[in-house]
Amino acid sequence: MGPPPRPRGGGGSRCTAGVVVHLGPSPTPLPGCRGGAARRQRAEPDWLVRRPPSLSVRGLLLHLTIAMSGINRREKKYAKKMRNQPSNVTFSSSDPGAGRSGIGSIESQSDVNYREQQRGSHGGYCHRGQGSDRKHLQNVPKFLFAKDFAQYRAAEINAMLKAVAHKSNSQFLQSLPPHLRRRAMSDNVKRLPRRLREIAKKEMEKIAHLKKEQSKSKSRKARRRHGNLLLEFNRRQRRNIWLETHIWHAKRFHMVKKWGYCLANKPTSKSYRACYRAMTQQCLLQDMSYYCCLELNGTQENLLKALAPLSSREAGPTFASVDCLSGKRQGSLVLYKAEQYPEKPLGPITFLWRPKAEPENHSENRQLWIWAHPALKMDLLTELQLACQCSDDPLPEPAPTECNTSTQKGAGLKRKLQDKVGEKVVPKKKIIGNSTRDPSKPVSWTSLTTGIVIEDLTMEILRYRLIGPLSHSAILEVFQPAVVTENSEVTGARASPCWWSEYCRKSEDVALHNRQGDFLQLLSGVASPAEISTGSVLGLTVRDPRLNIPENRTAALPDPSQFKDLEKVKEFSLKGIPSECAQSQIWDRNIRNIVTETKISEQELNQMKSKLLVPGSQLNLGPQESKIPILLVQQPGKVAGKENIGWGSGWDILFPKGWGMAFWIPLIYRGVRVGGLQEGVKHCQYQGIPRFPDDFPDCPAGMRHSEVTEKELMDKYKRYPPAKRPNYIHYGTMSPFRCPWQQLVEEWEEKSKATGVKPTVGGKESELKSEVQISNKKPVGANEGKTSKQSSDKEKTPEPEEEMEEDSENVVVLEPKIPSPKDIPAESGHVPILRSRKLLKQLSAWCRPTSSRGQQAKQSSGSLQVQMAADVVNSIKCSYPRFLVWARLSPLKKGCPIANATICIPSEEDLQLTASDSKNCAPQEPKHRDPFKRQIKTLKKKKKGALPEDLESGSGGQDLKPVSSCRKDLVLGLWPDQPQAVMSHCSRLAIGYVSQGDFSLNVGCGEALGFVSLLGLLHMLSNQPAEKRGLVLVRNPASLQYRLAKINIEV
């Protein structure tokens, strides 16, 4: 018989230095062993210690059986104790309990041989009740060397001594055992043992010092006091600018930090559809004060000369437009770098000229306001400084006016004007305007050569936007023209509105003010702001809107019965507002400062209301009432396309800073609904216009925005577990978070060159059957990448003068102006967008414009189907090889496209399937194989430390690569690098991507907006039949299903 089962962990034997403890069977028969024969005596060395004779084999087995019942509990308890051990303490992985007594890591070869022999003799079979015991006791060593045991446990002992000597995150009371701790020891050091008193003194001194540095936090009541709350708000505005309506929005909206501002993103309440109904039927209010305003001051000739290279007439009206130059309309355009059209755009801007005081005087200085998105501000400011040749010398501060602009000392000021030392205390004031502006940096730049002055008016002029057909009704109820002040009434009045008394002294100014009030009353007879001329401007001087706030919130509704002069309303809608009525005193900086500083505070106004004899009656301040100059600017809404013209129209209100909440609350009480950035995105999407900076990939701000968006989407994707996120490699989506515009247009350019498209040469004149005529043909521009010899030859040939006109029968004649190759330099990472209105009209006619649902083509009276001429297509391809085209996609059946969806060309089989089966006309993309999935699993196994040797060396299979050659930045479901072929990666050729898409409440189905390659679009239109021209396939990034859609180009 073999020896009895050995106890796990060495039983109760002890180890001493230089002594080996024998854990095997005793050579002499043990007393108490029943039925056991006497065993043969063996020679025993002196250093061998016997098992205690008082313990029998049965008693030993009984002891082990009882101990094994609680082994799982002991293991859990031991693992809990060992989880905070140092990293240098390691134990054998075969025995979880090894290390508690130092047993398990040292085992002799004889013990291993003995265990193998016993395993073979029993054939791997164990009786019931013995299998589990032997399984746990097989790894117990036979002998234990105390010297080696201490040596192997030296690292653990050193870590323990170090932890005891250097206590971390523990107090002096924790050095005592729990039964010796007393509460009085924390106050009186003498109650501690003497060995701990010095340590306790040092710790108590340190705690007392920290308490002095960190003062006790104030109570909520103290923190909510006006002075402390104001200081806290001012501190939080140092990095991000707060709008004047920030606190109102923060209580009702989800706030985001963007472009250096803290802006409202979307309401916390469920109001998605309610906001759409407000834009369509009622009125929606948005705070657009985060838009930046730059003022240019100089002579008209110098301003137009400096700004002419920044825009082009091909893209639309410029700064020199007649209606805009007179000041009666607001203009909008896309700015470019100087002499870089159509390449290198900066972004979209809106501009407004100040009307002339004397129309005959051409030498007077003009003022020009340019409004731009905050992401565009720095690029625009730099380009304007270069164009106007302005330096960084700041202008001197304006001279103070004769009026007393200081606020009255009374309510709201500190009683204590000096502190203990005797220094003057600065009273706490609310920050108005740009809180992040550095006082040392200039806000004005002047040019010594041209005399042009550029001034930054960011947050100096606030801007609210009202969207919807009832926006002018809310304006009529909130704004009332100011009462003309007589000279006798000014005597004895407060000096704050002195600018208004000076203004009323001139009869012509009073007549103009009355005329502007008459035009304001004409708005009551207009059904919608879309009936007024686009961009019309009306200047006004209004009363304080806080004085006529209703008691309850009511909706502002039009009342046609109050205005019966329909002839004036008709004339007002046709001719618009004259330029002299667009004048306003808001252009004067001194008057703006006076209006801001002399505003009556809410506290003072409430005190006056409390003294009224009839509570709730309107307060009449007389000459002391504030007069605020404002500007009303009409927003046209949807102007592109043929349907829903005028949707989303409204008014913009411009007024001085400091009056944000004074204008906001009265508008809220007129029943308007407030929207945030999300509502602004939907407003642009339903209009079909690109939104800055999301839909401007050719601008520097758009490129930066796409990088930030890609990083955010990538981080969000990685936060999901692999089983809960889509594998974009299987779906054939190469770039799910960013559209690879540069690679797409380059591949289409290579494909166009491979098909043999060359510039048109010759001086022939041909008449095309499609009524598209090209006269005086000459060599057009060459593709990018031509040799210098070819470029020089083409520069010698004169550029053709080509035009496009639209006749009475809606037939488009194409003669596009083709720039020379030097005007279109090749630049990596930059993809321009086609904004020439003439070319866009030609492309729109070729695409067969349809309705928003894309189901029926529009048939206008007398219109003919425009055919595509090969010469015209080739000339456009050679002139604009790397351009993108903005397009709107309308699914024909099912489908709701989303952002970054792929736009593809349908094959001939797809078009035939559409004609044969109208119900199921959408093909599917075959599933792609993921070549990186096995490598990611290999890296994961290596990280866990369970990688086999064959995988480590790469010999496990032909498909496996060595771990050393695997990339470390692989993410399951994403391509690690930009793929080589974007256009032909899937079964259908890709021509573009969706920029923004969602279910449209405006049309009742899915709708998308995006860009397509100009060469890919022309290739598709040329190969499609006339009746099916403009059909494309759209596929979402996480889907294999294609959806048939109609592409429309709206101008």
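In case you missed it, the structure is sitting above this.
Note that the coordinates shown come from a computational prediction; the quantities given were computed from them, not determined experimentally.

Enquirer: Which residues make up the overall build of the protein, and what values do they have?
Expert: The secondary structure content of the protein amounts to 32 helices and 26 strands. Across the 1051 residues in the protein, those meeting the buried criterion constitute 45%. Summarising the internal contacts of the protein: among those between residues at least 6 apart in sequence, 76% fall at separations of at least 24. On the protein, roughly 57700 Å² of surface is accessible, and the fraction owed to carbon and sulfur atoms is 50%.

Enquirer: So what about the sheet that holds strand S21 (residues 884-891)? Which residues, and what values?
Expert: Read around the barrel, six strands follow the order S21-S24-S23-S22-S25-S26 and close on themselves; strand pairing throughout is antiparallel. Within the sheet, the average angular offset between the axes of one strand and its neighbour, ignoring direction, is 40 degrees. Here strand S25 (residues 1031-1035) runs beside strand S26 (residues 1043-1048); their pairing, made up of four bridges, is antiparallel. Looking across to S26, one finds that Leu-1033 is bridged to Leu-1044. Across the sheet, helix H32 (residues 1014-1023) touches S21, strand S23 (990-1000), strand S24 (1005-1013), S25 and S26, and the angle it forms with S24 is around 110 degrees.

Enquirer: Tell me about empty space enclosed by the protein, and name the residues and values.
Expert: As enumerated under the stated definition, the model contains eight cavities of 30 Å³ or more in all. Computed from the structure, the largest cavity encloses a volume of approximately 140 Å³. Gly-732, Met-734, Thr-902, Val-982 and Tyr-993 are the residues nearest the centre of the largest cavity, which is lined by 14 residues in total. Of the residues that constitute the lining of the largest cavity, the class distribution is six nonpolar, seven polar and one charged.

Enquirer: Pulling in residues and values, what's your account of the state of the cysteines?
Expert: Taken as a whole, this structure holds zero disulfides when the rule is applied. Cys-904 carries a free sulfur, and the closest cysteine sulfur to it, the one in Cys-986, is 6.2 Å from it.

Enquirer: I'd like to hear about the pairing of strand S7 (residues 284-287), residue by residue, with values.
Expert: Burial of the side chains of S7 extends over both faces: Leu-284 and Gln-286 are buried on one face and Leu-285 and Asp-287 on the other. Bridge count between S7 and strand S18 (residues 673-674): two bridges; the pairing is parallel. Residue Leu-284 lies in a different strand from S18, and its bridge partner there is Arg-673.

Enquirer: Explain the sheet that holds S18 residue by residue, including any values.
Expert: Pairing within the open sheet is mixed, and its six strands lie in the order S15-S16-S17-S14-S7-S18. In the strand order of this sheet, the two ends are held by strand S15 (537-542) and S18, each with one partner. Direction of pairing for strand S16 (residues 628-635) relative to strand S17 (residues 650-656): antiparallel, over a ladder of five bridges. Looking across to S17, one finds that Gln-634 is bridged to Trp-651. Its contacts with the sheet put helix H22 (residues 660-668) on S7, strand S14 (461-467), S15, S16, S17 and S18, and the angle it makes with S14 is roughly 15 degrees.

Enquirer: Quick rundown of the nonpolar core? Include the residues and the values.
Expert: Formed by 51 residues in total, the largest nonpolar core has its most connected members in Leu-285, Ile-630, Leu-632, Ile-653 and Phe-663. Not counting residues within four places of it along the chain, the set of residues in contact with Phe-663 comprises Tyr-464, Phe-479, Val-542, Pro-545, Ile-628, Ile-630 and Phe-655. Counting residues in each nonpolar core, the second largest holds 48 residues, with Val-873, Tyr-880, Val-885 and Ile-905 among its members.

Enquirer: I'd like to hear about the pattern of salt bridges, residue by residue, with values.
Expert: Counted according to the given criterion, the structure contains 25 salt bridges. Across the pair Lys-377 and Asp-456 runs a salt bridge whose closest N-O atoms are separated by 2.8 Å. With Lys-377 in helix H14 (residues 377-388) and Asp-456 in strand S13 (residues 453-456), the pair connects residues that are 79 residues apart, well separated along the chain. Across the pair, Asp-456 and Lys-377 agree in class, each one buried. Glu-625 is the partner of Arg-543 in a salt bridge, and the nearest nitrogen-oxygen pair spans 2.7 Å. Pair noted here: Arg-543 is in the loop between S15 and helix H19 (566-575) and Glu-625 is in the loop between helix H21 (602-610) and S16, with a separation of 82 residues, a long-range link. Connected through shared salt-bridge partners, Lys-638, Arg-888, Glu-1007 and Glu-1050 make up one network.

Enquirer: Lay out the environment of Gln-385 in plain terms, naming residues and giving numbers.
Expert: Relative to the elements of secondary structure, Gln-385 occurs in helix H14. For Gln-385, a relative accessible area of 17% corresponds to the buried category. When the C-alpha positions of Gln-385 and Ile-452 are compared, they lie 9.7 Å apart, and in sequence the two are 67 residues distant.

Enquirer: Describe unusual backbone geometry, with residues and values.
Expert: Cis geometry is adopted by the peptide bond preceding Pro-342, which originates at Tyr-341 and carries an omega value of 0 degrees. By the secondary structure assignment, Pro-342 is in the loop between strand S9 (331-336) and strand S10 (345-353). At Met-459, a residue that is not glycine, the phi angle is positive and equals roughly 65 degrees. Here Met-459 is to be found in the loop between S13 and S14. The phi torsion at Asn-644 lies on the positive side, around 55 degrees, for a residue other than glycine. With respect to the helices and strands, the residue Asn-644 is situated in the loop between S16 and S17. With a relative accessible area of 35%, Asn-644 lands in the partly exposed category.

Enquirer: I'd love a proper account of the pairing of S26, names of residues and values included.
Expert: Along any regular strand, the residues point their side chains to alternate faces of the sheet. With five of six residues buried, S26 is to be regarded as a mostly interior element. Bridge count between S21 and S26: four bridges; the pairing is antiparallel. The partner of Ser-890 across the bridge, within S26, is Lys-1046.

Enquirer: For the environment of Leu-970, give the residues involved together with the corresponding values.
Expert: Residue position: Leu-970 is located in the loop between helix H31 (949-953) and S23. Setting aside its immediate chain neighbours within four residues, Leu-970 contacts Phe-932, Gln-935, Ile-936, Leu-939 and Pro-976.

Enquirer: Which residues make up H19, and what values go with them?
Expert: Because an α-helix packs 3.6 residues into every turn, residues spaced three or four apart end up facing the same way. Along H19, the positions that sit buried rather than exposed are Val-569, Phe-572 and Ser-573. Seen end-on, H19 carries its buried residues on one side only, within an arc spanning 95 degrees. Away from the buried face of H19 by more than 90 degrees, exposed residues Glu-567, Lys-570, Leu-574 and Lys-575 are located. On its buried face, H19 sits against helix H18 (507-522). One or two residues past the end of H19 sits Gly-576, with phi positive at roughly 85 degrees.

Enquirer: For the packing of helix H25 (residues 741-754) against H32, give the residues involved together with the corresponding values.
Expert: When two helices pack together, their arrangement is captured by the angle between the axes and the distance separating the axes. Where H25 contacts H32, the axes come no closer than 8 Å and their chain directions differ by 50 degrees. One way to sum up the angle between H25 and H32 is to call them oblique. Along its contact with H25, which presents Trp-748, Glu-749, Lys-751 and Ser-752, the element H32 presents Leu-1015, Gly-1016 and His-1019. Partitioning the contact of H25 with H32 into residue classes produces two nonpolar, three polar and two charged.

Enquirer: Explain the side chain of Ser-533 to me, and be specific about the residues and the numbers.
Expert: One can find Ser-533 in the loop between H18 and S15. In this structure the side chain of Ser-533 is engaged in a polar contact, spanning 3.5 Å, whose partner is the side chain of Arg-329. Not counting residues within four places of it along the chain, the set of residues in contact with Ser-533 comprises Arg-329, Ser-573, Leu-574, Lys-575, Gly-576 and Gln-634.

Enquirer: Can you tell me about a nonpolar patch on the surface, naming the residues and giving the values?
Expert: Among the surface-exposed residues, Ile-157, Met-160, Leu-161 and Val-164 lie close enough to one another that they form a single nonpolar patch of about 390 Å² accessible area. With respect to the helices, strands and loops of the structure, Ile-157 is situated in helix H6 (residues 154-165).

Enquirer: Describe the packing of aromatic side chains, with residues and values.
Expert: The full count for this structure, using the stated rule, is 29 aromatic pairs. Measuring from centroid to centroid gives 5.2 Å for Tyr-290 and Tyr-291, while their planes differ by 50 degrees, and the two rings are tilted. Owing to a relative accessible area of 4%, Tyr-290 belongs among the buried residues under this scheme. Taking 5.1 Å as the distance between ring centres and 90 degrees as the angle between the ring planes, the aromatic pair formed by Tyr-880 and Phe-883 counts as edge-to-face. Taken as a pair, Tyr-880 and Phe-883 share a single burial class, namely buried. Taken together, the ring pairs connect Trp-248, Tyr-464, Phe-479, Phe-655, Trp-659, Phe-663 and Trp-664 into an aromatic cluster. Above the plane of the ring of Trp-371 lies Arg-463, whose end atom (NZ or CZ) is 4.8 Å from the centre.

What counts as what
- Residues numbered from 1 in each chain as written.
- Predicted model: local features only at pLDDT ≥ 70, side-chain atom pairs only at ≥ 80, totals over all residues.
- Heavy atoms only, no water.
- Helix = DSSP H or I, 4+ residues; strand = E, 2+ residues; numbered from the N terminus.
- Buried < 20%, exposed > 50% of the residue type's maximum accessible area, 1.4 Å probe, protein only.
- Contact = heavy atoms within 4.5 Å.
- Areas by Shrake-Rupley, 256 points an atom, 1.4 Å probe, with all protein chains shown as cover.
- Pairing = 2+ DSSP bridges.
- Axes fitted to C-alpha atoms, helices over the stretch in contact; angles between N-to-C directions.
- 1 Å grid on protein atoms, 1.4 Å probe; cavity = no way out; pocket = protein on both sides within 12 Å on 5 of 7 lines; lining within 4 Å.
- Points joined across faces, edges and corners; volume = space filled by probe spheres on them.
- Nonpolar A, V, L, I, M, F, W, Y, C, P; charged D, E, K, R; others polar.
- Disulfide = S-S within 2.5 Å.
- Core = buried A, V, L, I, M, F, W, Y, C linked by side-chain atoms within 4.5 Å.
- Salt bridge = Lys/Arg side-chain N within 4 Å of Asp/Glu carboxyl O.
- Arc of directions from axis to C-beta.
- Parallel < 35°, antiparallel > 145°, perpendicular 65-115°, else oblique.
- Polar contact = N/O pair within 3.5 Å; in protein donor to acceptor, adjacent residues only side chain to side chain.
- Patch = residues over 30% accessible without salt bridge, like charges linked within 9 Å, V, L, I, M, F, W, Y side chains within 5 Å.
- Phe/Tyr/Trp six-rings, centres within 6.5 Å; stacked < 30°, edge-to-face > 60°.
- Lys NZ or Arg CZ within 6 Å of the ring centre and 35° of its normal.

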